[in-house]
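Structural overview for review
This is what each chain is made of:
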Amino acid sequence: MRRLTMLPVLDRSGVRLMANELRDMLDLGGAIGIDAGKVERIGLAGIQLLLSALRTGAEGATEIRLIAASRAVEEAARVCGVADRLLSELLADAEVAA
Amino acid sequence: MSPDDIQSIFFQECEEGLASAETALMAIKAGEHDGETINTIFRAVHSIKGGAGAFGFNPLQAFTHHFETLLDKVRDGELSLTPPLVELLMGAFDVLADHVTAIRGEGDQPDDAAMEQALRDALTAAPAAVPVAAPVVPELSFDLAAMMAELAAPADVPAQDWRVAFTPAAGDLAHGSEPLLLMRELAALGGQVVRADADRVPTLDGFDPDAAYMGWTLRLPAAADRALIEEVFDFVADPASVTIERAAFDESAVAVPAPTPVLQSPPAAPAAPTVAEPPAVQAPPAAKPAKVAAGATIRVDLEKLDRLVDLVGELVITQSMLSQRLVSNGLAAVEELADLDQLTRELQDSAMAIRAQPVKSVFSRVPRIVRELEASTGKRVQIEVEGEATELDKTVIERIGEPLTHLVRNCVDHGIELPADRLAKGKPAEGRLRLSAEHKGSRIVISVSDDGAGIDRERVLAIAAERGIVPADARLSDEEIDQLIFAPGFSTAREVSNISGRGVGMDVVRQNVQALGGRITIQSRPGEGSSFALALPLTLAIVDGMVVSVGDQTYIIPLTHIVESLRPERGQVQSTGLGNRVLNVRGSFLPVLGIGDQLGLSGTVSEPSEGVLIVVETESAGSAILMVDAIIDQRQVVIKSLETHYQQVEGVAGATILGDGRVALILDVEGLVGLRAPMPLRCAS
């Protein structure tokens, strides 16, 4: 699994960079793990990028998973009402690990 | 907004509704039977009924229901406005007004059983085939339903929570907006996302970092302040992207969030068309909560207004002090000083104008009083009103109600004759009662006049002599005889009635008017009628006064009392032998009262020819002369209550702060003169 570590600041310019990185990785093929564990600041654009990435994985041949999420990401996901969609696999993994 | 606030607004709306209904009823009585006039009454009654129901004033609601039903029949043309029906409507209006008074805690609940029955009886007079009345459209001028919904709901009827739908415009992110911040603010208000719509988030190939794809539906607790919710969206460019409304929620909706459409929905369209799609959760325009109509008026707490007036008063004093300081330093010609003075005066006038109210609110009580008097006396009275839009200070308005009521009762009870007597005198059977208000200088003059019999001066004088109010051989002018009706205990009524004639009313009238800094005068012509004129100050906050010095003190004498000022020649002022001094002023010997003597001051001028004599007029004690050391100035001063800051002082009406910072007492001329001179002495010649 290729791993993409998100920038600490996922503002629009950060999101633009990360979106391009993800597209490049998609072109390379293979599963992608998104590490959002170091994200310190995230806006709606960042949340939408994560949702877009998961949707791309769900609808395409490439597996794309969120493998880590910082507190900032968790909080933003909760506020946006998409915590279940973004973090459910993380929670499931955590339960399995426990 | 608390329940008390809303109830207070309801009471105000009731008063306004009653006033407009009464005006319409008077128009109907005068022959205007058009649909809009009837509608005006119907709307007022309907509004009161709605509010009464909302607040649980059940007797009021029940009565308005009967009243409204009858009005509806009149409105639909099923009942015609015959004179008896008009009388019934007026009677019903009076009962309605009593109900409103009762719910305000200012009177007993009226016994409305007979009136209710009369309303029902009138209904049965309508044709049997009664068409279904048109749906009633609430006409409350305030959104009572919305305000009630904001109140904490009873336990058994939970209030609906807020449903907030928010879909940022596609370009919001590109413009620097961050919807997540708004979502956090909503969360801080207790908001929970009921539905997060991410259907439009595309896959990575169509993803635009600058586009907002999401939309939300949130649930906020019922207790949340709508204004605060709206504040969250203050800077949202497109108001259509937000809807806020009360709504019932499925209790499981928040606990179990919506399914995850991201992983299950079909592929999204390419970015551009997707962005152009209408938001999925956006409510149709009709569902948008109505914005409060931008009104031309706002309600302001009276305390806030009074605070403003006080502050402006302080500003005037400070400006005056500054002006005096600059003048004393040779800077009198500074142009900016003149501008500041002008602006301060304008500011003061504007602040005073805020407290001003039309006198209509007092005049509107008169028709009912007259109706009651007509019923009890058998007299017929036509009311004429002029200048009801004239404005004066709210406090003055509130305090003239009682004096005005008594004057009206007096005019009808004592002045206007019975129809038969009037016809015998060649007058119309219906008497005329005229109310008017107009500005005259810095005062407002309210007149109550009638075309009745006029004051029977012979009888007045005889009764005054009989009761020891004046000596039996008193020689009084017509004006002085007229003034006797204001004497305590005086009454010409042959029998004590519940209308007037207890001999206390006119005395109280004068006291009340004087307490307001006003004066009352009478003009009466036998057989033609009487006219009472109340000259009242526009405001109780400022007074035009003459600044005088007495010893080392400075006093203000209100200009309203001053007739003239003079410096007599030595010997012109004569002693009466009892230490009292008098001066012959154009045929009348007027008592000369030294202000210094009256107020116990030392070092004052004692020889009249060395001081200044100020001739003053009073209501209670006629004319007199106040002796002061010198006249300093004439100016408008801001009145400060002595009672508030110290205590009531006999002969002193209040205080003010002069430009040099010193406190000057405002003299109570009525009080000072009344203590010493009960009646002017008339010159024998």
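Residues numbered from 1 in each chain as written. Chains lettered and ligands numbered in written order. Predicted model: local features only at pLDDT ≥ 70, side-chain atom pairs only at ≥ 80, totals over all residues. Heavy atoms only, no water.

1. Comments concerning the overall build of chain A
On a plain count of helices and strands, chain A comes out with 4 helices and 5 strands. Shown N-terminal to C-terminal, the secondary structure of chain A runs as helices and strands in the order β-β-α-β-β-α-β-α-α. Counting across all 98 residues of chain A, residues that qualify as buried make up 50%. Across chain A, contacts joining residues at least 24 apart in sequence account for 72% of those joining residues at least 6 apart. In the form shown here, chain A has an accessible surface area of approximately 4,500 Å², with 51% of it arising from carbon and sulfur atoms. (Helix = DSSP H or I, 4+ residues; strand = E, 2+ residues; numbered from the N terminus. Buried < 20%, exposed > 50% of the residue type's maximum accessible area, 1.4 Å probe, protein only. Contact = heavy atoms within 4.5 Å. Areas by Shrake-Rupley, 256 points an atom, 1.4 Å probe, with all protein chains shown as cover.)

2. Description of the sheet that holds strand β12 (residues 542–550) of chain B
Residues and elements named next belong to chain B. Within the open sheet, the 5 strands sit side by side as β20-β12-β13-β22-β21. Their pairing is mixed. Each edge of the open sheet is held by one strand with a lone partner, namely β20 (630–638) and β21 (652–657). With direction set aside, neighbouring strand axes in the sheet form an average angle of 35°. Inspection of the sheet shows β12 paired to β20 by 8 bridges, in the antiparallel sense. Within the sheet, the bridge partner assigned to glycine 545 lies in β20 and is arginine 635. Of the strands in this sheet, β20 and β21 touch helix α12 (residues 302–328), which is tilted by about 140° from β20. (Pairing = 2+ DSSP bridges. Axes fitted to C-alpha atoms, helices over the stretch in contact; angles between N-to-C directions.)

3. Re the pattern of salt bridges
Taken as a whole and assessed by the stated rule, the structure comprises 38 salt bridges over all chains. The partner of A:Arg16 in a salt bridge is B:Asp210, and the shortest N-O contact between them spans 2.8 Å. With A:Arg16 in helix α1 (residues 12–28) and B:Asp210 in the loop between β2 (192–197) and β3 (215–220), the pair connects residues from two separate chains. A:Glu59 serves as the salt-bridge partner of A:Arg55, at 2.9 Å between the closest nitrogen and oxygen. (Salt bridge = Lys/Arg side-chain N within 4 Å of Asp/Glu carboxyl O.)

4. Some remarks on the interface of chain B and chain A
Accessible area lost upon the coming together of the parts is a frequently used measure of interface size. Contacts between chain B and chain A engage 34 residues on the former and 29 residues on the latter. Of the roughly 2,800 Å² buried between chain B and chain A on both sides combined, carbon and sulfur atoms contribute 60%. Where chain B packs against chain A, one counts 3 salt bridges. Taking the shortest distance from any N to any O, the salt bridge between B:Asp210 and A:Arg12 comes out at 2.7 Å. Where the side of chain B that touches chain A is concerned, the elements lending two or more residues are α7 (179–188), β2 and α10 (261–264) of chain B. Per-element accounting of the side of chain B that touches chain A gives the leading share, 4 residues, to α7(B). Across the side of chain B that touches chain A, the residue classes break down as 26 nonpolar, 3 polar and 5 charged. (Buried area = accessible area lost by both parts, 1.4 Å probe. Nonpolar A, V, L, I, M, F, W, Y, C, P; charged D, E, K, R; others polar.)

5. Remarks on the pairing of strand β22 (residues 663–667) of chain B
Residues and elements named next belong to chain B. Sheet analysis places strand β13 (residues 553–558) next to β22, joined by 2 bridges and oriented parallel. Counted as the bridge partner of tyrosine 555 is leucine 665 from β22. Across 5 bridges, β21 lies against β22 in antiparallel orientation. In the strand pairing of β22, isoleucine 657 is matched with valine 663.

6. Here we look at α12(B)
Residue and element names in this part refer to chain B. Relative to the 39 Å expected for 27 residues at 1.5 Å per residue, α12 spans 39 Å between its end C-alpha atoms, a close match to the ideal helical length. Of all the positions in α12, only Leu305, Val309, Val312, Gly313, Val316, Ile317, Gln319 and Ser320 are classed as buried. Considering only its buried residues, α12 is in contact with α13 (335–354), β20 and β21. Glycine 330 sits one or two residues past α12 and shows a positive phi near 75°. (Expected span 1.5 Å × (residues − 1).)

7. Re the packing of α12(B) against α13(B)
All names here are of chain B. Taken N-terminus to C-terminus, the directions of α12 and α13 make an angle of 160°; their axes are 10 Å apart at the nearest point. Between α12 and α13, the angle is such that the two are roughly antiparallel. Relative to α13, the crossing made by α12 is left-handed. Of α13, the residues touching α12 (which contributes Leu305, Leu308, Val309, Val312, Leu315, Val316, Gln319, Leu322, Ser323 and Leu326) are Leu337, Leu340, Asp341, Thr344, Arg345, Leu347, Gln348, Ala351, Met352 and Ile354. For the contact of α12 with α13, the residue count by class is 14 nonpolar, 4 polar and 2 charged. (Parallel < 35°, antiparallel > 145°, perpendicular 65-115°, else oblique. Left-handed = near helix turned anticlockwise from the far one by under 90°.)

8. Details of the packing of aromatic side chains
Residues and elements named next belong to chain B. A complete count under the given rule lists 7 aromatic pairs over all chains for this structure. With 6.2 Å between their ring centres and 55° between their planes, phenylalanine 63 and phenylalanine 67 make a pair best called tilted. In this pair, phenylalanine 63 and phenylalanine 67 both sit in helix α3 (residues 58–75), 4 residues apart, roughly one turn of the helix. A single burial state applies to phenylalanine 63 and to phenylalanine 67, both of which are buried. Through pairs of rings, three or more aromatic residues link up here, namely Phe10, Phe11 and Phe57. Above the face of the phenylalanine 42 ring, arginine 75 is positioned so that its terminal group lies 3.7 Å from the ring centre. Over the ring of tryptophan 162 we find arginine 246, and its NZ or CZ is 3.6 Å from the ring centre. (Phe/Tyr/Trp six-rings, centres within 6.5 Å; stacked < 30°, edge-to-face > 60°. Lys NZ or Arg CZ within 6 Å of the ring centre and 35° of its normal.)

9. So, the side chain of B:Arg457
Residues and elements named next belong to chain B. Structurally, arginine 457 can be placed in helix α18 (residues 457–466). By relative accessible area, arginine 457 is classed as buried at 14%. In contact with arginine 457, other than residues within four places in its own chain, are Asp478, Ile481, Asp482, Ser524 and Pro526.

10. Observations regarding the environment of B:Arg457
Taking the C-alpha atoms as reference points, B:Arg457 and B:Glu479, separated by 22 residues in sequence, lie 9.6 Å from one another. Polar contacts involving the side chain of B:Arg457 include one to the side chain of B:Asp482, which spans 2.8 Å. (Polar contact = N/O pair within 3.5 Å; in protein donor to acceptor, adjacent residues only side chain to side chain.)

11. Notes on the UniProt feature "modified residue: Phosphohistidine" (unreviewed entry) in chain B
With numbering matched to this structure, UniProt assigns "modified residue: Phosphohistidine" (unreviewed entry) to B:His46. When you line up the elements, B:His46 lands in helix α2 (residues 35–55). (UniProt positions renumbered as here; feature names shortened; annotations may be inferred.)

12. Quick word on the environment of A:Asp84
Residue and element names in this part refer to chain A. Locating aspartate 84 in the fold gives a position in helix α4 (residues 83–97). For aspartate 84, a relative accessible area of 29% corresponds to the partly exposed category. Taking the C-alpha atoms as reference points, aspartate 84 and glutamate 74, 10 residues apart in sequence, are found 10.0 Å from one another.

13. Here we look at the sheet that holds strand β10 (residues 519–525) of chain B
Backbone hydrogen bonds hold the strands of a sheet together, and the pairing may be parallel or antiparallel. Residues and elements named next belong to chain B. The strand order across the open sheet formed by 5 strands is β6-β8-β9-β11-β10, and the pairing between neighbours is mixed. Each edge of the open sheet is held by one strand with a lone partner, namely β6 (381–386) and β10. In this sheet, neighbouring strand axes are inclined to one another by 15° on average, regardless of whether the strands run parallel or antiparallel. Judged from the 8 bridges that link them, strand β8 (residues 431–440) and strand β9 (residues 443–450) form a sheet pairing that is antiparallel. Residue pairing in the sheet places leucine 435 in a bridge with valine 448 of β9. Where helix α15 (residues 366–377) meets the sheet, its contacts fall on β6 and β8, and the angle it forms with β6 comes to roughly 165°.

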